[in-house]
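One letter stands for each residue in the lines below.
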Amino acid sequence: MNGMASGNSNFRDGVPNLDIDPFDEDFLTDPYPYHEQMREAGPAVWLSKYGIWGVARHEEGAEILKDYKRFCSSAGVGLANFKSEKPFRPPSLLIEADPPEHTRARNVVGRALSQKNVAALQEAFEAEAELLVDQILEKGEIDGMKDLAIAFPLKVFPDAVGLEEEGRDKLLRYGNMVFNVFGPPNRLFTEAVAEAAELTEWITAHCMRDALAPGSIGQIIYEGADTGEVTEAEAGLLVRSLLSAGVDTTISSIGNMLYCFTENPGEWDKLRSAPSLTKHVIEEVIRLEGPVQTFFRTSVEATEISGVQIGANEKLVLFLGACNRDPRRWDDPDKFDIARKPVGHLAFGSGVHRCVGQRIAQLEAEVILRKMAERIKRIEPIGPSTLRLNNTIRVRESIPMRVIAA
Ligand code: OVV
């Protein structure tokens, strides 16, 4: 199915037309050859199957993310155009909004997730990491996804937000749904939205002020309602944003980190002898194997990108994972190199929407990686890892691996 377009009614004259489906199983399983094809075809390519633009080069990806005036988010950051299609849930006040409304919401969340508030979580994160590393060393042979990449964030992050213990598996299903629904109405999308009624009811109830633990990040969000910056209902939607954005992404990143090291045992040895690289390693993992592979923007008016004419109200899909492997920007881009300091990668986005939870996400990954590097001499695969396909997130289903104590 994938290849050059031929005889498609959706043909755009004078630009590279591709009939790649970036959301089919083939692409989601191994996006990298398709990324290269799109990057080499031009600065923006016409994806005729969906009638949208694809952007796979770093320079243009960064330009679009930074320019919220020309490329808005309020029409949705998935394939659906909110100007003509009804969103499946009330839009996010953060990612599905533009300044000035976005700024007001962002300030409230930015304060809740400040350096200081996140630093206060470190001790609890470390205690949980210690416990999990004890457990995996006891077992020896583990599933890196279930035993670490899911277990760790699914405990520490909802604890930080102030969510009760009961029913946290629903968070996994909720995140999976939100990220599938950014894609086209394919099988992944349809199966996910089948759960929408149940999960929406659950998440809405658990984002209410009284559902959140005292002193939690969730309660700090509600302080924005006390000051009158947002309404009580808006504060609930902002807590929903934390729970939507903060689970799958960190699970994916920690899993992809384990995957990178099991595939590159030499890099594990290097990290153990240079633990000061830990922070950079995490950036290198998400440059190479980013959790969020795609976000969309919508052109506000007719414009151009590196000479390609874009019409008004057209969707553009940004391939963040492709930008982060653009050989125009990175040396040896497909190589996992823990000594690389990948400043400028787009895994957290860029511009006014740049990930507001970046610091807490980094802290989770840093704490678990430091603890592992301290106590584990070697990690090795004991079978093939598998992927859990999602329209937006690149995440493993399972990573069978052995851990050997230092
Ligand atoms: C970054 C992100 C992903 C998914 C959902 C949201 C944000 C939200 O604000 O709901």
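So, how was this worked out
- Residues numbered from 1 in each chain as written.
- Predicted model: local features only at pLDDT ≥ 70, side-chain atom pairs only at ≥ 80, totals over all residues.
- Heavy atoms only, no water.
- Axes fitted to C-alpha atoms, helices over the stretch in contact; angles between N-to-C directions.
- Helix = DSSP H or I, 4+ residues; strand = E, 2+ residues; numbered from the N terminus.
- Parallel < 35°, antiparallel > 145°, perpendicular 65-115°, else oblique.
- Contact = heavy atoms within 4.5 Å.
- Phe/Tyr/Trp six-rings, centres within 6.5 Å; stacked < 30°, edge-to-face > 60°.
- Buried < 20%, exposed > 50% of the residue type's maximum accessible area, 1.4 Å probe, protein only.
- Lys NZ or Arg CZ within 6 Å of the ring centre and 35° of its normal.
- pLDDT = per-residue confidence, 0-100.
- 1 Å grid on protein atoms, 1.4 Å probe; cavity = no way out; pocket = protein on both sides within 12 Å on 5 of 7 lines; lining within 4 Å.
- Points joined across faces, edges and corners; volume = space filled by probe spheres on them.
- Nonpolar A, V, L, I, M, F, W, Y, C, P; charged D, E, K, R; others polar.

> Hey, could you run me through the packing of helix H8 (residues 169-181) against helix H12 (residues 232-245) in this one?
Two measures define how a pair of helices packs: the angle their axes make with one another and the distance between the axes. Where H8 meets H12, the closest approach of the two axes is 8 Å, and the angle between their N-to-C directions is 90 degrees. On the basis of their axis angle, the class for H8 and H12 is roughly perpendicular. Along the contact surface, H8 presents Leu171, Tyr174, Gly175, Val178 and Phe179, while H12 presents Arg240, Leu243, Ser244 and Ala245.

> Can you help me understand the packing of aromatic side chains in this one?
The relative placement of two aromatic rings is captured by the distance of their centres and the angle of their planes. What the rule picks out here adds up to ten aromatic pairs. Aromatic pair Phe23 and Phe296: ring centres 6.2 Å apart, planes at 10 degrees, arrangement stacked. Remark: Phe296 occurs in strand S6 (residues 294-299) and Phe23 occurs in the loop between strand S1 (17-18) and helix H1 (25-29); sequence separation between them is 273 residues. Just as Phe23 is buried, Phe296 falls in that class too. The structure contains a cluster of three or more aromatic residues connected by ring pairs, namely Phe23, Tyr50 and Phe296. A cation over a ring is seen here: Arg12 above Trp46, with NZ or CZ 4.1 Å from the ring centre. Positioned over the ring face of Tyr259 is Arg396, at 3.6 Å from the centre of the ring.

> I keep staring at the confidence of the model for the protein chain and nothing clicks. Help me out?
In regions of low pLDDT, the predicted coordinates are not meant to be interpreted in detail. Mean pLDDT for the protein chain: 96, with 98% of residues reaching 70 or above. Note that pLDDT drops below 50 for residues 1-7; the model gives that stretch 19 contacts with residues more than four away or on any other chain.

> How do you make sense of empty space enclosed by the protein when you look at a structure like this?
Empty space among the atoms can be located by rolling a probe the size of a water molecule over them. Considering all chains together, one arrives at two cavities of 30 Å³ or more under this definition. Taken together, 44 residues make up the lining of the largest cavity; nearest its centre are Ala245, Thr249, Phe295, Cys355 and Val356. Counting residues per element, the ones that place at least two in the lining of the largest cavity are helix H4 (101-112), H8, H12, helix H13 (248-263), helix H15 (278-288), S6 and helix H17 (358-375). Looking at which element gives the most residues to the lining of the largest cavity, the answer is H17, with five residues. When grouped by side-chain class, the residues that make up the lining of the largest cavity number 25 nonpolar, 14 polar and five charged. Here the second largest cavity defines a volume of roughly 150 Å³. Leu28, Gln293, Asn390, Ile393 and Arg394 are, among the 18 residues lining the second largest cavity, the residues nearest its centre.

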